Amino acid sequence: MINIETKPISLSPELTIGGNESTLILGPCSVESYEQTRLVGKLIHKLGLKMIRGGAFKPRTSPDAFQGLGEEGLEILRAVADEFDLLVLSEALGVEQVPLLQKYADLIQIGSRNMQHFPLLWAVGEIEKPVMLKRGFMSTVEEWLAAAKHISSRGNEKIILCERGIRTFETLTRNTFDTNAIAFLKQNSPYPIFGDPSHATGRADLVIPAAQSALAAGADGLVVEVHPNPAEALSDGKQSLTLAQGEELFEQATRIATALGRKIG
Ligand code: PEP
Ligand code: MN
């Protein structure tokens, strides 16, 4: 069934993505403060996980919404990660931010709205750091793989794909989680494939089952938004898990991973 084997990507001696472990990356949508980020970092450490996510430069649909703390957000994220011995995932919104992300992050996210921002793809294609390429919410799998090729053709083969839901006629959920794409890419692409059930559903109550569905489809990892107080979050509060729900996610994800002969790490 598997046509192309996944090529694992090693981020540190402790963390290889795309191997036997499914990687669970937790963190707030946006870095808002040191305390907020530290509470999530502490949970990640307690669960034995190895990477924190958090946006410092936010691609917000409205210019009136919180745009992120910028470099200060990256400083906070790095400080928390160093305290708990974690790696950092954060987004570069434009070409000019790539050097900053190289300095503070271990994995650089290209967001859904930027999947076909070609100069940005070329810029991250020319560096050494691994890149997480999220699927454009109006993009086909073929267009997504072509975007990945824009990165790899500049030399950087360390690409991780992330399905984060696509826009369909369905309005019940923020997006529609395309687990078909996860299963397809697991079998037909060398790049590790992740699922983001937070943006895919837009609803905290659906995040855990959607996360499980991604793992069942073969996902090599998950990126999930967790906030100490979702009701007060400056972005994506409705889809953010509380710290307790983050723990529950870890347990429920472990059950699926175990059934598939994998571990959550
Ligand atoms: C995010 O990860 O917070 C984000 C903005 O994701 P996406 O680009 O998938 O919307
Ligand atoms: Mn978000």
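It should be noted that the structure appears before, not after, this text.
Figured I'd write up the structure that's included with this text. Not measured: the values here are computed from a predicted model.

1. A look at the overall build of the chain
A count of helices and strands for the chain gives nine helices and eleven strands. Compactness check: the chain gives a C-alpha radius of gyration of 17 Å against a globular reference of 18 Å for 265 residues, within 12% of the reference. With the C-alpha coordinates of the chain rotated into their principal frame, the extents come out at 45 × 45 × 40 Å. The buried share of the chain, taken over its 265 residues, is 57%. Long-range contacts, defined here as pairs at least 24 residues apart, represent 69% of the contacts in the chain between residues at least 6 apart. Of the roughly 11,100 Å² of accessible surface on the chain, a fraction of 54% belongs to carbon and sulfur atoms. For the chain, the centre of its 26 positive side-chain charges and the centre of its 32 negative side-chain charges are spaced 3 Å apart.

2. Quick notes on the coordination of the manganese ion (ligand 2)
Those protein atoms acting as donors to the manganese ion (ligand 2) are Cys29 (SG), His199 (NE2), Glu225 (OE) and Asp236 (OD), and they sit at 2.0 to 2.4 Å. Every donor residue of the manganese ion (ligand 2) comes from the same chain, spaced as C-x169-H-x25-E-x10-D. In this pair, Cys29 sits in the loop between β3 (21-27) and α1 (34-46) while His199 sits in helix α7 (residues 197-201), placing the two residues 170 residues apart along the sequence. For the pair Cys29 and His199, one class covers both residues: buried.

3. Side note on the packing of helix α5 (residues 141-152) against helix α6 (residues 179-188)
A pair of packed helices can be characterised by two numbers: the angle between their axes and the separation between those axes. Put simply, α5 and α6 touch, their axes get as near as 11 Å, and they point 50° apart. The angle between the axes of α5 and α6 places the two elements in the oblique class. Once α5 is placed against α6, the crossing between them reads as right-handed. Judged by residue contacts, Val141, Trp144 and Leu145 of α5 engage Ala181, Phe184 and Leu185 from α6. Of the residues that constitute the contact of α5 with α6, the class distribution is six nonpolar, no polar and no charged.

4. Description of helix α4 (residues 118-125)
Of all the positions in α4, only Leu120, Leu121, Ala123, Val124 and Gly125 are classed as buried. Looking at the buried residues of α4, the elements they touch are α3 (98-104), β6 (107-110), β7 (131-134) and α5.

5. Considerations on the environment of Arg53
Among the secondary structure elements, Arg53 is positioned in strand β4 (residues 51-53). On a C-alpha basis, the gap between Arg53 and Pro28 in space is 6.6 Å, while along the polypeptide they are 25 residues apart.

The rules behind these values
Numbering of residues starts from 1 in every chain and runs along the sequence as written. Naming scheme: in the order in which they are written, chains are lettered from A and ligands are numbered from 1. Only residues with pLDDT of 70 or above have their local features reported here, since the model is predicted, and side-chain atom pairs are shown and tallied only from 80 upward, although totals for entire chains, interfaces and linings are computed over all residues. Values shown for side chains rest on all heavy atoms present in the structure; no hydrogens or waters enter the calculation. Counting from the N terminus, the helices are DSSP H or I runs at least four residues long and the strands are E runs at least two residues long. Only C-alpha atoms enter the radius of gyration; for comparison, a globular chain is expected to reach 2.2 Å times N to the power 0.38, where N is the number of residues. Buried, partly exposed and exposed residues are distinguished by accessible area as a fraction of the type maximum, computed with a 1.4 Å probe on protein chains only: under 20%, between the cut-offs, and over 50%, respectively. Two residues form a contact once any of their heavy atoms are found within 4.5 Å. All accessible areas in this document rest on Shrake-Rupley with a 1.4 Å probe, and a residue is counted as covered only by the protein chains that are shown. Charged residues are defined here as Lys and Arg on the positive side and Asp and Glu on the negative side; His and the ends of the chain fall outside this count. Charge positions are represented by NZ for Lys, CZ for Arg, CG for Asp and CD for Glu. Here the coordinating atoms are restricted to nitrogen, oxygen and sulfur within 2.8 Å of the metal centre, or 3.2 Å for Na, K and Ca, and because water is not among them the sites may look incomplete. Only the stretch in contact is used when fitting a helix axis, every axis being a line fitted to C-alpha atoms; angles between N-to-C directions are given from 0 to 180 degrees. Any angle from 65 to 115 degrees is called roughly perpendicular, while one under 35 is roughly parallel, one over 145 is roughly antiparallel, and all others are oblique. Note on convention: the crossing is left-handed when the near helix lies turned anticlockwise from the far helix by less than a right angle, right-handed when the turn is clockwise. Only Asp, Glu, Lys and Arg are considered charged in this grouping, and only Ala, Val, Leu, Ile, Met, Phe, Trp, Tyr, Cys and Pro are considered nonpolar; every other residue, Gly among them, is considered polar.

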